[in-house]
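This is what each chain is made of:
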Amino acid sequence: MKDGRELHMECLATGFGLIEGPVWDAGAGLYFSDAAAGGVNLLDRAGNVSTVVPKRRGVGGMSLHGGDALVVGGRDIAVVRIADGKTSSILSLSQLPGATGFNDLTVDAMGRVYVGSLTFRVFSGDTPTPGFLHRIDLDGTIHTVAEGILLSNGIAFSADGRLLYHADARADVVRVYDVHPDGALGPWRPFATFGGHGTPDGMKVAVDGSVWVAVAHAGIVRVFNADGSHRRDIEIPLPLVTSLCFGGDDLRDLYVVTGSKGGPSDRCGSIYRIRSDVSGVPMHAAKVRV
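Sequence positions are assigned chain by chain, starting from 1 and proceeding in written order. Side-chain atom pairs in this predicted model are given and counted only at pLDDT of 80 or more, local residue features only at pLDDT of at least 70, and totals for whole chains, interfaces and linings cover all residues. As a convention, hydrogens and water are excluded, and side-chain values are obtained from all of the structure's heavy atoms.

Now for the sheet that holds strand 19 (residues 211-216). By the convention used here, strands pair only if DSSP detects at least 2 bridges between them. For the purposes of this entry, the term helix denotes a DSSP run of H or I that reaches at least four residues, the term strand denotes a run of E that reaches at least two, and both are numbered from the N terminus. Spatial strand order, 18-19-20-21: four strands in an open sheet with antiparallel pairing. Two strands in the sheet have a free side with no partner beyond their single neighbour: strand 18 (199-205) and strand 21 (230-235). Strand-to-strand twist of the sheet, defined as the mean angle between neighbouring strand axes without regard to direction, takes the value 25°. In the sheet, strand 20 (residues 220-224) pairs with strand 21 via five bridges, with the strands oriented antiparallel. Residue pairing for strand 21: Ile 220 is matched across the bridge by Glu 235. A fitted line through C-alpha atoms serves as each axis, taken over the contacting stretch for helices, and the angle formed by two N-to-C directions is quoted from 0 to 180°.

Take a look at the structure:
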C-alpha cells in the first residue's frame, strides 16, 4: 500500500549522479555525497548547495565527527576536517584481507563506528561473495562483529541502542541484532523482507521504534513498525531511492535522497524533504581518535 496522505514533499536540490550518505547537522544543514560524480556537499539551511570535500568518490556512508569533521567512506574510512580538508584514515582495505570497499556506516552512543565491508566489485560483474560488519572503537581498534552479508547496506540503531538494524541488499532482508554493552552483536534474525520488490538500502529509526528504509529501484520509502510489520510506503518521484535521514529543529523533516538510474537523465539525482508525523532518533557523532 502506497500512502502519500498527510505528507507534503519538496524537491530541494537536483542534478547529481548518485546521492548517498545524508547526515543532518543542526548548525550547518544536510551533508550528502555524490558517490558517482565525487564530492561531499552541504545543503545549508538557506537552501544553498556547496562542496565541502571535493572529488572523493564512492562515499556510501557518512557521520559527523566531533563538531568540525565528517567520517566518510570511499577508498577507506576516514575523518575529514571540514575547514581545511585534512584527512586521517581510520580503516583501510589493507587492514581487511579480501575486502574491496566499504558501504554504509553508523555510530553508536559511545561514538564507535559500525561499517560494512564488501568482498567483490559490485559494479564489475563479479560473483557476489559474503562480506562483513566491523566496529571501530574509540582507540581505533577494529573488530569484526558480523559476517555473511552479501551486500552490506543501511545500518541504524534503535533509540535505546539495544538493537542494530542492517540491510543486506542482495539477500533481500533487513537483519536485526541484539547489541551487547561492549559493542558486540548477538546472532542476527530477520526483521523485514521485500519479496524481490526493490532493494533495501539506507535506513533510519524513529523515536516510536519504527524503521524507515529507502527501497532502491522501487521508488519508495518503506516504514516498518517496531515488530517488523508493514506500516506504510511513501512514494518518491524517482525509482533509485538510496538513503534518508531525519533533520530540522524537531527531527521531523525527512530528507530522502536518490540516484539517477531509471530517471530521465544521468544527472537527476535529487534531495526531497517530507514533513513526518514522528521524529527521528538523533544521529550520534563519532569519537574515534585521529
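Where charged atoms from two side chains of opposite charge come close, those side chains can pair. In what follows, salt bridge is the name for a side-chain nitrogen of Lys or Arg lying within 4 Å of a carboxyl oxygen of Asp or Glu. This model, assessed by the stated rule, comprises 13 salt bridges. We note a salt bridge from Asp 34 to Arg 267, for which the minimum N-O separation is 3.7 Å. You can see Asp 34 sitting in strand 3 (residues 29-34) and its partner Arg 267 sitting in the loop between strand 23 (253-258) and strand 24 (269-275), a full 233 residues away along the chain. The class of Asp 34 is buried, set by a relative accessible area of 2%. Using a 1.4 Å probe on the protein chains alone, a residue whose accessible area is under 20% of its type maximum counts as buried, one over 50% counts as exposed, and one in between counts as partly exposed. On the basis of relative accessibility, which here comes to 42%, the residue Arg 267 falls in the partly exposed class. With a shortest N-O distance of 3.3 Å, Asp 178 and Arg 189 are connected by a salt bridge. Here Asp 178 is found in strand 16 (residues 173-178), whereas its partner Arg 189 is found in strand 17 (residues 189-193), with 11 residues between them in sequence. By relative accessible area, which is 35% here, Arg 189 ends up partly exposed. One network of salt bridges, in which partners are shared, links Asp 250, Asp 253 and Arg 275.

Let us look at the packing of aromatic side chains. The criterion for an aromatic pair is that two Phe, Tyr or Trp rings (for Trp, the six-membered ring) have centres within 6.5 Å, with stacked assigned to planes under 30 degrees apart, edge-to-face to planes over 60 apart and tilted to the rest. Tallied over the full model, the rule gives seven aromatic pairs. Measuring from ring centre to ring centre gives 5.2 Å for Phe 16 and Phe 32, while their planes differ by 85°; the resulting arrangement is edge-to-face. Of the two residues, Phe 16 sits in strand 1 (residues 9-16) while Phe 32 sits in strand 3, which places them 16 residues apart along the sequence. Taken individually, Phe 16 and Phe 32 each receive the classification buried, so the pair is uniform in this respect. On the basis of an interplanar angle of 80° and a centroid distance of 5.3 Å, the ring pair of Trp 212 and Phe 246 is categorised as edge-to-face. Here Trp 212, found in strand 19, pairs with Phe 246, found in strand 22 (residues 241-247); they are 34 residues apart in sequence, far enough to count as distant. Here Trp 212 and Phe 246 have matching classes, each one buried. Members of the aromatic cluster, joined through ring pairs, are Tyr 165, Phe 191, Phe 194 and Phe 224.

Let us now look at the environment of Gly 27. Looking at the element boundaries, Gly 27 is found in the loop between strand 2 (19-25) and strand 3. Residues Gly 27 and Gly 67 lie 40 residues apart in sequence; the distance between their C-alpha atoms is 9.5 Å.

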